[in-house]
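# An overview of the molecular structure
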Amino acid sequence: MMAEKKKATTKKTASKKPDTKKAAPMKQEVKKQAPAPAAKPKAAPAAEKAAAPAKAVSTTQQGDARVGVFICHCGTNIAGSMDIEAVQEASKRIPNVAFVDNYKYMCSMPGQTVIQKAVHDNKLTAVVVAACTPRLHEPTFRTATKDAGLNPFRFEMANIRDQNSWVHMHDRVGSTEKAIDAIKIAVAKAALLQDLHPKSVPVEKAAMVVGAGVAGMQAALDLAAAGIKTYLIEKDMSIGGRMSQLDKTFPTLDCSQCILTPKMVDVGRSENIELMTWSEVHEVEGYIGNFDVTIRKKARGVMTPKEAEAKGIVGGGCNGCGDCDGVCPVIKPNEFEVGMKPRKAIYINHPQVVPLIYTIDFDSCVKCGLCVTACGPEKRAIDLEMKDEFVKVKVDTVILALGYEIFPIEKKEEWGYKRYENVISSLEFERLICASGPTGGHLVRPSDGKTPMKIGFVLCAGSRDNTGTGKPYCSRFCCMYSLKHAHQVIEKIPGCIPYLFYMDIRSFGKMYEEFYYRIQDEGAKFIRGRVANIIEDPKTKNLHVMTDDTLLDRPIDMEVDMVVLAAAIQPSDDTNRTRKLFGVSCSMDGWLLEAHPKLNPCGTTTAGVFLAGVCQGPKDIPDTVASAEGAASAASIPIHMGEVELEPYFAQCIEEKCAGWGMCVNLCPYSALALVEKDGRTVMQVTEAKCKGCGTCGGFCPGGAIWMQHFTTPQICAQIDAFLLGGEQ
Amino acid sequence: MSEESGAKHKFAFYLGCIAPNRYPGCEAASIKAMKKLGVELVPLKGASCCPAPGAFGSIDLNVWYAMAARNLVLAEQMKMDIALLCNGCYKSIWEVNHKLKHNKDLRDGVNEVLKEIDMEFKGTINVYHTAELLYNERFVGVDKVRDSVTNPLTGARIAVHYGCHIVKPHKDREFEKEAMLNTEHPTWMEELVAALGATPVEYRNKMQCCGAGGGVRGYDLVHSLDITNEKLINLKEVKADALTDICPFCQLQFDRGQIEIQEKFGVTYNLPVLHYAELLGLAQGMSPQELGLDLHGISCEPFLQKVL
Ligand SMILES: Cc1cc2nc3c(=O)[nH]c(=O)nc-3n(C[C@H](O)[C@H](O)[C@H](O)COP(=O)(O)OP(=O)(O)OC[C@H]3O[C@@H](n4cnc5c(N)ncnc54)[C@H](O)[C@@H]3O)c2cc1C
Ligand code: SF4
Ligand code: SF4
């Protein structure tokens, strides 16, 4: 159906547009090299508009191709490592080159003007820019090409910075030669470039956010406020993430729960947010504008009122009364309290959970059925035989907000975590000092319940660690929360002295340095040195912190009552599996990779997939929320546009050549191909919206019946020839 | 594989200097005890000093490489992997083998020197510490060690000194057994001690150096003994009956060192110090005389009375 409709549009375009008439002779010629259906502008209505300003010159092909070459200095990034004059002179001798120029910053406004003027003055048919990398500026120069009156796909980039001047910084002759080669190759392709028209597809008006820590919650709230239906997927039983485990927050010291819980309630209430907790992403298909996501709703064992109603139990379902919790005989450590408090097999991990629905941990449930009885015949909320459910949703854009977890700090064996009772992690400290924590906010030594009067805080515990055991990066918020912890013990325990063992204090944010001074004035002691090891006195369970005071240049053996390790953080457990479903890359340390570290920190290389919060790299709450709002804004743009443009790099079937074997159909990793009956023959047909232009089919087809737009066989052969045979005049 | 001995594994036994000169019992115990566990140790004839990693390494690395390589080539010629019983030797022989195998420039340089004595390093063998052979079930394993015990050392409280070179530097150690890669608080030797029926005891700052290594003993005896003394204080605190080690150099420092500490600091500990091979020998029923325990600086008598 869709294909037919598109065909109709195509015909209309062809007959309406005057320039296609001029294209006619060219079409013939190109066909000689390879029958090119690409010359037919095949456009959806939106693309038609885009194609309109294209001038007559834009359809010229190799014979009368006139290519302009524009060499960029990139300041000294390129010009500093090669002889631009020599590159310019050599470029002039390349066949089909009608114009060559160079400029300091080709991407700047004056640089782009140089291109536009040259296209007009020299009747150029294609533009080659030799510069940084297409990753950064392909869109820039496409637009410049279009503004000059050419079809934007009449542009080719020669990468002479990232893959040349930056790599061969100290080889001027070599990099000059390599740049000339790169330009020859680019020109060879440019001479054969054809007009292409991006396809626009309509989008769903829905988004998905994966992970409901403060990042995911903020992103979902923003999207919902913009009127976008948002699915919020959280693997845990409640939303809130790590922030809900914290006591106070630096530098303002407001209570974490007090600022977070209202947001949690808002998320639970929002009409536009469909919250799925105890759920994870199972499968992803499709592309920006049309992601088909399968969610696995893990069996929770307890029904919500809505679910109960669907099963005909009117007025039933979990109301959070907790009757079940009382009778359950199974006792397990509560993960939310970092194991310092017990929970049952049917439980909520803290009183503020959203949604307030109990959950059964089926790994430890003994199926005694006591909870079922306790829950009673009215509510009938518990179903011990509940199975995982799979739900399919269609969304336009996705935000990953997967957060982090604490590095298993026992791996740094020298500090004795899990070996010495009084060595605890910073997250345990948060729970111990928190009024709603396991000790009601009384900080005590795990060994004997006594109040510690001297506490050692080990900063960079496992961060900035090049031994191979820890993490090489800075975890970015441990300095600040350790200052906060120092303040909290001084405030709560009169006479207690916190000793902070640090490398540097990184208090870089707004009002952070001021906070640092304040804590110094309050009496915290700072010792600059990495802690070599910690030794427990077996009798008193006191700890000897062994380090160097690098400011006084002397070794230190400091006896303290308790040690808090400001442990490094790492990507959360399921990050790797989840990111692969969305085709998102990660950097060496596992944090998700942004499209550009400075200019596109929320985007990824998968169109329509964005990043928020710590999963992209360590961030405190202010930065997390800022990144979440950025991601929400970026993710709402395609939705508000109503349609997305797909790059027109799809495969085309040359029907006369197609034998209808269909081997390509099985090869396509994106299921974009199918066999259809046409004029009594079986031929292959491409669903353009699904095709990613990977070229698998094109490279394979034994009959040469598949034409890869923008990467045609003649274009690629010409590039290889240009490199191997030189191609100078 | 050897037919006559019935041993499953055969190694070229590299002795080093201190074991044969100061504690010959270590050598005897290793050969006899390992044989009962299916490991035959064949003398590596013509071997020199490993050479000592601290002393040689800090003056001229090239000499260190070349001398260690010569010892390795002797074993290559025997077509046998090396087994050795000293942490210092382990650092030299294992590390040089590893470096030469992976660095062509280094290997070429060493072979240039070895050519003068008609030798060539080929990189065909591996190097193991005997403690590693005992702990790794691919060769022996803790269970087999336990099964070989006829005279369990029941009731003895034995503390372990690992020694630095066997575990450090962490990034240069590649043991097959995960537990052996624990640098800061390993417990695999405690497992081996427990296998003999004894009770392993933890003590404060277990992983501290013996005080001798890295040339400290040669350069500044008093300072070196100060470190040893600190360890002995911690050992006394937990009332250990003996200290066990897997390095004759550490053993020398703790054993003879106690006499020097007595002279210089006026403190007496009388803590018997035994190589794990000696303990294993005792547990397998060898006599103190066979093990040359009478050659120790500190008398092993009180400990022997407890376990025999
Ligand atoms: C001890 C400590 C004290 C701190 N104190 C402060 C402070 O005082 N001030 C401050 O600004 N910052 C502080 N921080 C930092 C703060 O915790 C983070 O900035 C913040 O939690 C980051 O939020 P997030 O949403 O990115 O990640 P998270 O809070 O980790 O949330 C991620 C959420 O995603 C879910 N999730 C993960 N993977 C998946 C998946 N595959 N599918 C579905 N859901 C998934 C998780 O269950 C979680 O709910 C502190 C951190 C620690 C460790
Ligand atoms: S499952 Fe039933 S008993 Fe348990 S909290 Fe919910 S409603 Fe109450
Ligand atoms: S934030 Fe501070 S404590 Fe944390 S890793 Fe960075 S420098 Fe170290």
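Please read these numbers as outputs of a predicted model, since none were measured by experiment. (Residues numbered from 1 in each chain as written. Chains lettered and ligands numbered in written order. Predicted model: local features only at pLDDT ≥ 70, side-chain atom pairs only at ≥ 80, totals over all residues. Heavy atoms only, no water.)

### So, the overall build of chain A
- In terms of regular secondary structure, chain A is built from 21 helices and 34 strands.
- Summarising its shape, the C-alpha atoms of chain A cover approximately 90 × 75 × 40 Å along the three principal directions.
- Buried residues in chain A amount to 55% of all 729 residues.
- Intrachain contacts of chain A at a sequence separation of at least 6 include 71% that bridge at least 24 residues.
- A total accessible area of about 32000 Å² is found for chain A, and carbon and sulfur atoms account for 55% of it. (Helix = DSSP H or I, 4+ residues; strand = E, 2+ residues; numbered from the N terminus. Buried < 20%, exposed > 50% of the residue type's maximum accessible area, 1.4 Å probe, protein only. Contact = heavy atoms within 4.5 Å. Areas by Shrake-Rupley, 256 points an atom, 1.4 Å probe, with all protein chains shown as cover.)

### A few points about the overall build of chain B
- Within chain B one finds 15 helices and eight strands.
- Relative to a compact globule of 308 residues, whose C-alpha radius of gyration would be 19 Å, chain B shows 19 Å and is just as compact.
- Seen through its C-alpha atoms, chain B measures out along the principal axes to roughly 55 × 50 × 35 Å.
- Across the 308 residues of chain B, 55% fall into the buried class.
- Within chain B, contacts between residues at least 6 apart in sequence are counted, and of these 76% link residues at least 24 apart.
- Side chains of chain B give 33 positive and 39 negative charges; the mean places of these two sets differ by 1 Å. (Rg over C-alpha atoms; globule rule 2.2 N^0.38 Å. Lys, Arg positive; Asp, Glu negative; His and termini not counted. Charge placed at Lys NZ, Arg CZ, Asp CG, Glu CD.)

### Considerations on the interface of chain B and chain A
- Listed by partner, the interface residues are eight residues for chain B and eleven residues for chain A.
- Interface area, chain B with chain A, both sides summed: about 870 Å², of which 51% is carbon and sulfur.
- A per-residue breakdown of the area chain B buries against chain A is headed by Glu184, His185 and Arg204 of chain B, which together make up 57% of the total.
- For the interface between chain B and chain A, the tally reads zero salt bridges.
- The tally of links between chain B and chain A comes to six residue pairs in polar contact (both at pLDDT 80 or more).
- Looking at side-chain class alone, the side of chain B that touches chain A contains no nonpolar, five polar and three charged residues. (Buried area = accessible area lost by both parts, 1.4 Å probe. Salt bridge = Lys/Arg side-chain N within 4 Å of Asp/Glu carboxyl O. Polar contact = N/O pair within 3.5 Å; in protein donor to acceptor, adjacent residues only side chain to side chain. Nonpolar A, V, L, I, M, F, W, Y, C, P; charged D, E, K, R; others polar.)

### What about the site of ligand 3?
- In the vicinity of ligand 3, the contacting residues are Leu459, Cys460, Ser463, Arg464, Cys474, Ser475, Arg476, Phe477, Cys478, Cys479 and Arg506 of chain A.
- Here the shell around ligand 3 is composed, by residue class, of six nonpolar, two polar and three charged. (Near = heavy atom within 4 Å.)

### Looking at the site of ligand 1
Residue and element names in this part refer to chain A.
- Near ligand 1 there are 36 residues, and of these Glu234, Tyr404, Lys484, Lys619 and Ile621 occur at the shortest range.
- Residue lysine 484 places a side-chain N or O atom 2.8 Å away from an oxygen atom belonging to ligand 1.
- In this structure, an oxygen atom belonging to ligand 1 sits 3.5 Å away from a side-chain N or O atom of threonine 624.
- Burial of ligand 1 by the protein chains amounts to 97% of its free accessible area of 1000 Å².
- Per element, the largest residue contribution to the shell around ligand 1 is three residues, and it comes from helix α18 (residues 621–641).
- Counted by class, the shell around ligand 1 contains 17 nonpolar, ten polar and nine charged residues.
- Residues from two domains meet in the shell around ligand 1; each of domain 2 (206–403 + 608–641) and domain 3 (407–570) gives at least three. (Domains from an automatic or database assignment.)

### Structural notes on unusual backbone geometry
- Note that the residue after cysteine 50 of chain B, namely proline 51 of chain B, is joined by a cis bond; omega there is -5°.
- Along the chain, proline 51 of chain B turns up in the loop between β2 (39–43) and α3 (53–57).
- With an omega of -5°, the peptide bond running from lysine 168 of chain B to proline 169 of chain B counts as cis.
- By the element assignment, proline 169 of chain B lies in the loop between α9 (164–167) and α10 (188–195).
- Phi at lysine 541 of chain A takes a positive value of approximately 65°, unusual for a residue other than glycine.
- A positive phi is found at histidine 710 of chain A, a non-glycine position, where the angle reads about 75°.
- Within the secondary structure, histidine 710 of chain A sits in the loop between β34 (706–708) and α21 (713–725).

### A short note on the domain arrangement of chain A
- Entries for chain A in the domain assignment read domain 1 (44–198), domain 2 (206–403 + 608–641), domain 3 (407–570) and domain 4 (651–708).
- Using C-alpha coordinates to define each centre, domain 1 of chain A is positioned 56 Å away from domain 3 of chain A.

### Examining the sheet that holds strand β3 (residues 82–84) of chain B
All names here are of chain B.
- Here four strands make up an open sheet; going across it, the order is β2-β1-β3-β4 and the pairing parallel. Each edge of the sheet is formed by a strand with only one pairing partner; in this case those strands are β2 and β4 (127–129). On average, each strand axis in the sheet is tilted by 40° relative to the strand beside it, whichever way the strands run.
- Where helix α2 (residues 24–36) meets the sheet, it contacts β1 (9–14) and β2, and its direction lies at approximately 140° from that of β2.
- Strands in contact with helix α5 (residues 87–102) are β1, β3 and β4; relative to β4, the strand with the most contacts, it is inclined by about 160°. (Pairing = 2+ DSSP bridges. Axes fitted to C-alpha atoms, helices over the stretch in contact; angles between N-to-C directions.)

### Focus: the domain arrangement of chain B
All names here are of chain B.
- Assigned domains within chain B: domain 1 (9–129) and domain 2 (150–307).
- On a C-alpha basis, the centroid separation for the pair domain 1 and domain 2 is 23 Å.
- The partner domain 2 presents 31 residues to the 27 residues of domain 1 that form the contact.
- At the boundary of domain 1 with domain 2, total buried surface from both sides reaches about 2400 Å², with 64% on carbon and sulfur atoms.
- Linking domain 1 with domain 2 are two salt bridges.
- When the shortest N-O distance is used, the salt bridge between lysine 32 and glutamate 290 registers 3.2 Å.
- The interface formed by domain 1 and domain 2 includes eight residue pairs in polar contact (both at pLDDT 80 or more).
- Listed by contribution, the elements that provide at least two residues to the side of domain 1 that touches domain 2 are α1 (18–22), α2, α3, α5 and β4.
- Broken down by element, the residue count for the side of domain 1 that touches domain 2 peaks at nine residues, all from α2.

### A closer look at the side chain of threonine 359 of chain A
Residue and element names in this part refer to chain A.
- Relative to the helices and strands, threonine 359 resides in strand β16 (residues 359–360).
- On the basis of relative accessibility, which here comes to 0%, the residue threonine 359 falls in the buried class.
- Of note is the side chain of threonine 359, whose polar atom sits 3.0 Å from the side chain of arginine 300.
- When sequence neighbours within four positions are dropped, the list of residues in contact with threonine 359 reads Met237, Trp278, Arg300, Val302, Ala345, Ile346 and Tyr347.

### Focus: the confidence of the model for chain B
- The predicted model of chain B has a mean per-residue pLDDT of 94, with 98% of residues at 70 or higher.
- With a pTM of 0.81, the predicted complex shows an ipTM of 0.76. (pLDDT = per-residue confidence, 0-100.)

### Comments concerning the nonpolar core
Residue and element names in this part refer to chain B.
- By size, the foremost hydrophobic cluster in this structure holds 104 residues, and its most contacted members are Ile82, Val145, Trp188, Tyr276 and Phe303.
- Residues lining this core come from more than one domain, with at least three contributed by each of domain 1 (9–129) and domain 2 (150–307).
- Not counting residues up to four positions away in its chain, the partners in contact with valine 145 are Leu37, Leu134, Val140, Leu192, Ala195, Leu196, Tyr276 and Leu280. (Core = buried A, V, L, I, M, F, W, Y, C linked by side-chain atoms within 4.5 Å.)

### Regarding a negative patch on the surface
- A surface patch of like charges, here negative, comprises Asp557 and Glu559 of chain A together with Asp226 and Glu230 of chain B.
- Elements that contribute at least two residues to the negative patch include exactly β26 (554–560) of chain A together with α12 (221–237) of chain B.
- Position of aspartate 226 of chain B relative to the elements: it lies in helix α12.
- What makes aspartate 226 of chain B partly exposed here is its relative accessible area of 44%. (Patch = residues over 30% accessible without salt bridge, like charges linked within 9 Å, V, L, I, M, F, W, Y side chains within 5 Å.)

### Points about a nonpolar patch on the surface
Residues and elements named next belong to chain A.
- Taken together, the side chains of Phe711, Ile716, Ile720, Phe723, Leu724 and Leu725 present a nonpolar region at the surface, about 620 Å² in accessible area.
- Take phenylalanine 723: it is sitting in helix α21.
- Classification of phenylalanine 723 by relative accessible area gives partly exposed; the value is 46%.

### Focus on the sheet that holds strand β23 (residues 525–528) of chain A
All names here are of chain A.
- Reading across the sheet, the five strands line up as β20-β27-β21-β22-β23 and stay open at both edges, with parallel pairing between neighbours. Of all strands in the sheet, those bounded by a partner on one side alone are β20 (423–425) and β23. The average angle at which neighbouring strand axes cross in this sheet is 25°, direction not considered.
- Bridge count for strand β21 (residues 454–461) against strand β27 (residues 562–567) is five bridges, and the pairing is parallel.

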